[in-house]
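# Understanding the architecture of this molecule
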Amino acid sequence: MPPGSDLRIVGIVQARMGSSRLPGKVLRPLAGRSVLGRVVRAARDSGVLADLVVATSVDPVDDAVVTECARLDVPVHRGPVDDVLSRFVGALDAHPGDAVMRFTADCPLLDPEIVSLVAAVYRAVPGLDYASTSIARTLPRGLDVEIIRADALRTLDRLATDHHRVHVTSYAYTRPELFRVLGVTLAPDRSGLRLTLDTDQDWALVSAVVDHFGDVSVPLAKLADWLDGRPDLRTLNSSVRQKRLEES
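Below: a short report on this structure. The numbering scheme is per chain: residues are counted from 1 as the chain's sequence reads. pLDDT decides what is reported in this predicted model: residues at 70 or higher carry local features, side-chain atom pairs at 80 or more are listed and counted, and totals for whole chains, interfaces and linings draw on all residues regardless. Only hydrogens and water are set aside when side-chain values are computed; all heavy atoms of the structure are taken into account.

### Focus on helix H8 (residues 200-213)
The test is simple: Each helix is a run of H or I in the DSSP string that is no shorter than four residues. Each strand is a run of E no shorter than two, and both are numbered from the N terminus. Expected helix span is computed as 1.5 Å times (number of residues minus one). Throughout, exposure labels follow a simple rule: accessible area from a 1.4 Å probe, protein chains only, divided by the maximum for the residue type, with under 20% read as buried, over 50% as exposed, and the rest as partly exposed. The contact rule is simple, with two residues in contact once any of their heavy atoms fall within 4.5 Å.
Counted at 1.5 Å a residue, the expected span for H8 with its 14 residues is 20 Å, and the 20 Å between its end C-alpha atoms agrees. Buried within H8 are the following residues: Asp 202, Trp 203, Leu 205, Val 206, Ser 207, Ala 208, Val 209, Val 210 and Phe 213. Tucked inside the fold, the buried residues of H8 contact strand S2 (29-30), helix H1 (35-45), helix H9 (220-228) and helix H10 (231-234). Phi turns positive, to about 85°, at Gly 214, one or two residues after H8.

Rendered as C-alpha cells:
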C-alpha cells in the first residue's frame, strides 16, 4: 500500500454571503451553476476526499448558503462569522478525518487535477503538518490548494489569535519553526494571472472564461493557453490589489 493511502481527507469549503467588495458572490450564477456549486463540483471531482462539508456562519444572511447546500446535497456546518478557524474545527468535529483540505467559495475556476496533485504530495511525505501551493506561488490566485493535518488544525485553534483566526491556516505557514510545512510549485509560473472572485473586475474575467468554456472545470494549462491569446481579458483585473494577510 502506498504511503499515506489510508489517510482520510476531509474537504471544507468556507462560504459566506458577506463580502466587503462583492457581496453575495458565492451564490452568483455561472452557466447555470452557482459559484459555490462550481467549487463543490471541482473538490468532488478531484477524487481524493472522503467527505466534503461547507462551513458557513450563523448569520441569518447565510441561510441562503444553507439552502444552496441542500440543493447541492453537501452537508453544512455553521459557526462564528469572523472566527473562521473555529468554524473549521467545528466542521472537522462533525466530519472527522486525518487531514483537511481547505477551499474558499470564491474560486469558481478551481482545477480538480491540482487538488488531486496536492493530496498526492501530502500523502507521499510522512509527518507533514501543512502543504500549500501559495507558499511559493506559481499558480494564479484562485487556483491555490492547501491541506493541513487534523491535529495541526486543532493546535492552531489553541494558539492562533487575531487575523490568523480569519485566515485559518496562516499561523502554521508563518511559523515554519513550529510546523512542518511544504510548498508545492508547478511550472511554468502563472502567478501573474488572477482567477479568484473578489471584485467586479474579477467577475468580468471569470464570467468571460465561463462564457467561453461553459459549465465545466477547465484544466489550468488549457485555461492559461486561452488567456495568453486574450490580453484584453487578462488586463480586466490586473490592477486589483490583493488584501494583506492582516486585513480581514
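### Notes on the sheet that holds strand S9 (residues 181-183)
Put simply, the test is: Only strands that DSSP links by at least two bridges are regarded as paired with each other. Here an angle of 0 to 180 degrees is reported between the N-to-C directions of two axes, which are lines fitted to C-alpha atoms, with helices fitted over the stretch in contact.
The mixed open sheet is built from seven strands, whose spatial order is S5-S4-S1-S6-S8-S7-S9. Bordering the open sheet on either side are strand S5 (76-79) and S9, each of which pairs with just one other strand. Within the sheet, the average angular offset between the axes of one strand and its neighbour, ignoring direction, is 20°. Across three bridges, strand S7 (residues 130-132) lies against S9 in parallel orientation. Bridge pairing in S9 links Ser 132 to Gly 183. Strand contacts of helix H4 (residues 112-124): strand S1 (9-14), strand S6 (99-104), strand S8 (146-149) and S9, with the helix running at about 155° to S6, the strand carrying the most contacts.

### Focus: the packing of aromatic side chains
In plain terms, the rule: To pair, rings of Phe, Tyr and Trp, with the six-membered ring standing in for Trp, must have centres within 6.5 Å; the planes then decide the type, stacked if under 30 degrees apart, edge-to-face if over 60, and tilted in the middle.
A full pass over the atoms with the stated rule returns three aromatic pairs. Plain terms: the ring middles of Phe 213 and Trp 226 are 5.3 Å apart, the flat faces sit at 75° to each other, and that makes the pair edge-to-face. You can see Phe 213 sitting in helix H8 and its partner Trp 226 sitting in helix H9, a full 13 residues away along the chain. The class for Phe 213 is buried, based on a relative accessible area of 17%. Overall, Trp 226 belongs to the buried group, its relative accessible area being 17%.

### Considering the side chain of Ser 170
Applicable threshold: Under this definition, polar contacts are N or O atom pairs within 3.5 Å; protein pairs additionally need one hydrogen-donor-capable and one acceptor-capable atom, and for neighbouring residues in sequence, both atoms have to be side-chain atoms.
Secondary-structure assignment places Ser 170 in helix H7 (residues 170-173). In terms of polar contacts, Ser 170 uses its side chain to reach the side chain of His 164, at 2.7 Å.

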